[in-house]
Amino acid sequence: MTQDSPPSALTSTPGDEIESAILDLARSEPKLGQAAVAERLRLDGLRISASGVRYIWQKHGLETAVKRLQALADAAPEGVDALSESQRHLLERGTLSTRLARDAHASEEHGKGGDGGGMALDRRQLILHAAARLFAQQGYDRTSIRDIAGEVGLLPGSVYHHFASKEALYLAVHREGFKRVQERAKAAAAAGSDPWDSLRRACEVHVSGMVGDSPIDRITGRSLAFTGHQNLLAMTRDDREAFEKIYRDLIDALPLARGADRTLLRLVLLGALNWVFIWYREGRRSPAEIAAGIVDIVRRGVQS
């Protein structure tokens, strides 16, 4: 039987034995492709085409390496910690790719992606997320374009197609982060019932971003000051000022005591929000509780 045989044409070997062997390999070596699985089984005396392997995978919802890794993690008591580091990275990239593809498709359905630019948008977003993750983990100087390309399974030249240099990519990560938190904070504040409630709502989405799943949100508020590259810090000035203006306006609207230093209050508040990621532990306090607590301390103090 050739690898081009119909999926239903398995072999003279009992089908359940082949299916069991395929599922065993899906668990033990989830990154193997269908041709590699078919060859591995052939060496073990089990004949099946690559398309036959895919048929079994599809039957069990395991047709991609990401789905097989997720199934492996779901079946293990320790969850994703049961996976190797490379497997976790592949799962994370695959999950992100799926979400980005879904978002791009949704945009096209609403008439925003009719020019066929969805794939380019997906790839650019993948690069931004990978760069943010590596910049946060390794620092700017120890992260190379080759590292970032490898993180998303691209050649370095593909990264340079979207970003002219590592410096440009670093700045793009922060610009994207500032844009996101700025848009969310504005929208949240606009729903406030009074100036204090508007501030609390803006702080809540800020904290949610800092402790959430997106490395772009996490890196925006904290890493620039630690790069040692003042030129990079200077290049973000316009973006930082546009973002901080949201909090400047929110604090200017607060009914504070006469003589209160609003500039100092803004700086202290932003410092507190940006530093949440250091001590945050999921399950103890929610972003909403943290934001409300910080704003309450600002508003009422702690003295009995």
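What counts and what doesn't
Residues numbered from 1 in each chain as written. Predicted model: local features only at pLDDT ≥ 70, side-chain atom pairs only at ≥ 80, totals over all residues. Heavy atoms only, no water. Helix = DSSP H or I, 4+ residues; strand = E, 2+ residues; numbered from the N terminus. Buried < 20%, exposed > 50% of the residue type's maximum accessible area, 1.4 Å probe, protein only. Salt bridge = Lys/Arg side-chain N within 4 Å of Asp/Glu carboxyl O. Core = buried A, V, L, I, M, F, W, Y, C linked by side-chain atoms within 4.5 Å. Contact = heavy atoms within 4.5 Å. Expected span 1.5 Å × (residues − 1). Polar contact = N/O pair within 3.5 Å; in protein donor to acceptor, adjacent residues only side chain to side chain. Axes fitted to C-alpha atoms, helices over the stretch in contact; angles between N-to-C directions. Parallel < 35°, antiparallel > 145°, perpendicular 65-115°, else oblique. Left-handed = near helix turned anticlockwise from the far one by under 90°. Nonpolar A, V, L, I, M, F, W, Y, C, P; charged D, E, K, R; others polar.

1. Regarding the side chain of Glu176
Considering the arrangement of structural elements, one finds Glu176 in helix H9 (residues 166-190). A relative accessible area of 18% places Glu176 in the buried class.

2. Describing the pattern of salt bridges
On inspection of all chains with the given rule, the structure shows 14 salt bridges. With a shortest N-O distance of 2.8 Å, Arg200 and Asp197 are connected by a salt bridge. Placement of both Arg200 and Asp197 in helix H10 (residues 195-211) is noted, with a separation of three residues, approximately one turn of the helix. Of the residues examined, Arg200 reaches a relative accessible area of 23% and is grouped as partly exposed. Asp197 sits in the buried class, given a relative accessible area of 13%. A single network of salt bridges, built from pairs that share partners, joins Asp197, Arg200, Arg201 and Glu204.

3. As for the nonpolar core
In terms of nonpolar packing, the biggest core is built from 27 residues, with Leu199, Cys203, Tyr247, Leu250, Leu269, Leu273 and Val276 touching the most fellow members. Every element with two or more residues in this core is listed here: H9, H10, helix H13 (237-252), helix H14 (262-274) and helix H16 (287-300). Looking at this core, the element that brings in the most residues is H10, giving seven residues. Among residues more than four places away in sequence, those in contact with Leu273 are Cys203, His206, Val207, Met210, Tyr247 and Ile294.

4. What about H10?
Here H10 contains 17 residues, and its C-alpha end-to-end distance of 25 Å stays within 8% of the 24 Å for a straight helix at 1.5 Å per residue. Looking at the buried residues of H10, the elements they touch are H9, helix H11 (215-220), H13, H14, helix H15 (276-279) and H16. The N-terminus of H10 is capped by Asp194, whose side-chain oxygen sits 2.9 Å from the backbone nitrogen of Trp196.

5. Topic: the environment of Arg40
Here Arg40 shows up in helix H2 (residues 34-43). Accessibility expressed as a relative area gives 30% for Arg40, which makes it partly exposed. When the C-alpha atoms of Arg40 and Ala21 are compared, they prove to be 10.0 Å apart, with 19 residues separating the residues in sequence. Setting aside residues no more than four positions away along its own chain, Arg40 makes contact with Leu25, Glu29 and Leu32. There is a polar contact of 2.7 Å between the side chain of Arg40 and the side chain of Glu29.

6. Focus on the packing of H10 against H13
Closest axis-to-axis distance for the H10/H13 pair is 10 Å, and the angle between their directions is 150°. By the angle class used here, H10 and H13 are roughly antiparallel. Along this stretch, H10 crosses H13, giving a crossing that reads as left-handed. Where H10 abuts H13, its residues Ser198, Leu199, Ala202, Cys203 and His206 lie against Phe243, Tyr247 and Leu250. Considering only residue class, the contact of H10 with H13 consists of six nonpolar, two polar and no charged.

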